[in-house]
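# Examination of the molecular architecture
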Amino acid sequence: METYNMLSEFAQTWGLLYFVGIFIAILIYALAPSRKKSFEEASRIPLRED
């Protein structure tokens, strides 16, 4: 039973840190000034007429 508790605590701690790291990486990607032009172009795709 002790092994289960250790594994559970390890997964909870490092899993949280893993997902926080992924969230921060996605924020950096989405808010990077160098990507602004491509995101603005992509936002206009539904409004284009063929």
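Structure: see above.
Thresholds, definitions, all that
Residues numbered from 1 in each chain as written. Predicted model: local features only at pLDDT ≥ 70, side-chain atom pairs only at ≥ 80, totals over all residues. Heavy atoms only, no water. Helix = DSSP H or I, 4+ residues; strand = E, 2+ residues; numbered from the N terminus. Rg over C-alpha atoms; globule rule 2.2 N^0.38 Å. Buried < 20%, exposed > 50% of the residue type's maximum accessible area, 1.4 Å probe, protein only. Phe/Tyr/Trp six-rings, centres within 6.5 Å; stacked < 30°, edge-to-face > 60°. Expected span 1.5 Å × (residues − 1).

Another aspect to go through is the overall build of the chain. Counting its regular elements, the chain contains two helices and zero strands. Rg of the C-alpha trace for the chain: 20 Å, well past the compact-globule value of 10 Å for 50 residues, more than 25% over. Considered along the principal axes of its C-alpha atoms, the chain spans approximately 65 × 25 × 5 Å. In the chain, buried positions account for 2% of the 50 residues.

What follows deals with the packing of aromatic side chains. Inspection of the entire model under this criterion finds three aromatic pairs. With 5.3 Å between their ring centres and 70° between their planes, Y18 and F19 make a pair best called edge-to-face. Judged by its relative accessible area of 53%, Y18 falls in the exposed class. Centroid distance Y29 to F39: 5.8 Å. Interplanar angle 80°. Geometry classified as edge-to-face. Taken as a pair, Y29 in helix 1 (residues 2–31) and F39 in helix 2 (residues 36–43) lie far apart in primary sequence, 10 residues in all.

Relative to the helices and strands, G15 resides in helix 1. On the basis of relative accessibility, which here comes to 22%, the residue G15 falls in the partly exposed class. Sequence separation between G15 and L27 is 12 residues; the distance between their C-alpha atoms is 18 Å.

With that out of the way, let us pick up helix 1. The end-to-end C-alpha separation of helix 1 is 44 Å, in line with the 44 Å expected for 30 residues at 1.5 Å each. Counting buried residues along helix 1, only zero of its 30 residues qualify, which leaves the element largely exposed.

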